[in-house]
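Notes for the structure review
Each chain, written out:
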Amino acid sequence: MTITITAFANSPDRGRGLARDMRVRWALEEVGQPYAVRLLSFKAMKEPAHLALQPFGQIPTYEEGDLALFESGAIVLHVAARHAGLLPQDADARARAIAWMFAAVSTMEPPIVERETARFLEGGESWYEQRLAMVDARIRRRLSQLSDRLGDNEWLEGPFSAGDLQMVSVLLRLKGSGLLDDYPTLSAYIARGEARPAYRRAFAAQLAVFTAASSAAEGGAR
Ligand code: GTB
């Protein structure tokens with residue numbers, strides 16, 4: 001059955017692989033499942049056809065036969081549960097890998113998103129620098145704890161798992177912030193994730209969408 005996901009027709013991240021379709025693409029590449037992509041404009045994302053799939057009018061979604069899913073974490077978990085390669089066979093190890101998936105999005109990601117929101121929406125406020133320092137302190141605390149736990153291990157729970165896929169995806173949002181500079185263990189962990197052939201294929205695929213959209217826009221402007 002064909003798998004179809006949705007992604008931005010023109011991603012605001014300019015092809016940096018930070019939109020959440022990247023996590024789904026990466027998971028599908030890891031397990032060797034081909035997929036089609038339906039590209040959506042911001043307008044189309046708020047129309048009834050898409051809202052029926054994603055009640056919040058966001059990407060990504062996932063369709064396979066009669067199954068329609070939203071929430072990138074739920075989609076990655078579904079892919080990992082259905083196909084070998086992203087979760088350990090042993091039930092306890094599997095549960096621990098899933099715990100890391102949740103830790104990525106519910107413990108690590110919230111202050112990182114808060115930082116991005118502050119930069120976009122509050123950058124001009126007189127108290128912005130103080131707020132940024134507070135948010136950065138919260139992020140550093142989490143980075144430090146994660147770095148301590150990872151230690152010399154290659155991945156968080158045995159072999160590479162969906163937990164690492166989610167965690168690396170979340171940490172990548174900090175690239176360019178300078179916050180990772182003090183955590184060489186985590187920088188090396190992220191680099192291992194980015195070096196995976198499946199990651200590279202997924203990254204190239206989403207970048208190709210952005211490149212094509214940019215060329216079309218340039219062509220139209222001529
Ligand atoms: N919890 C949901 C999930 O994980 O699936 C969150 C989905 C979500 O936030 N989708 C965003 C979206 O559709 C795109 S990924 N936004 C449009 C809208 O809400 O109208 C978030 C994102 C957007 C842009 C960047 N960027 O430019 O760097 C990074 C991440």
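It should be noted that the structure appears before, not after, this text.
Residues numbered from 1 in each chain as written. Predicted model: local features only at pLDDT ≥ 70, side-chain atom pairs only at ≥ 80, totals over all residues. Heavy atoms only, no water.

Once that is clear, we can look at helix H1 (residues 21-30). The buried fraction of H1 is high, at 10 of 10 residues. All buried positions along H1 are accounted for by Asp21, Met22, Arg23, Val24, Arg25, Trp26, Ala27, Leu28, Glu29 and Glu30. (Buried < 20%, exposed > 50% of the residue type's maximum accessible area, 1.4 Å probe, protein only. Helix = DSSP H or I, 4+ residues; strand = E, 2+ residues; numbered from the N terminus.)

As judged from the 5 bridges shared by strand S1 (residues 3-8) and strand S2 (residues 36-40), these two strands associate in the parallel manner. What sits directly across from Ala7, in S2, is Leu39. Crossover S1 to S2 through H1 is right-handed. (Pairing = 2+ DSSP bridges. Right-handed = clockwise from strand over helix to strand, strands pointing away.)

Here we take up the nonpolar core. Leu143 and Met167 are the most contacted members of the largest nonpolar core, which has 49 residues in total. For this core, the secondary structure elements donating two or more residues are S1, H1, helix H4 (72-82), helix H5 (91-122), helix H6 (128-150), helix H7 (162-171), helix H8 (184-195) and helix H9 (197-221). Here this core spans two domains, and each of domain 1 (3-85 + 198-221) and domain 2 (91-196) adds at least three residues to it. When near neighbours in sequence (up to four residues on either side) are disregarded, Met167 contacts Trp100, Ala103, Ala104, Met108, Leu146, Leu156 and Tyr189. (Core = buried A, V, L, I, M, F, W, Y, C linked by side-chain atoms within 4.5 Å. Domains from an automatic or database assignment. Contact = heavy atoms within 4.5 Å.)

Of all residues adjacent to the ligand, which total 16 residues, the nearest are Arg20, Lys46, Ile59, Glu71 and Ser72. Separating an oxygen atom of the ligand from a backbone N or O atom of Asp13 is a distance of 3.2 Å. Separating a nitrogen atom of the ligand from a side-chain N or O atom of Glu71 is a distance of 2.8 Å. Summarising the interface, the protein chains cover 78% of the accessible area of the ligand, which totals 680 Å² for the free molecule. (Near = heavy atom within 4 Å. Polar contact = N/O pair within 3.5 Å; in protein donor to acceptor, adjacent residues only side chain to side chain. Areas by Shrake-Rupley, 256 points an atom, 1.4 Å probe, with all protein chains shown as cover.)

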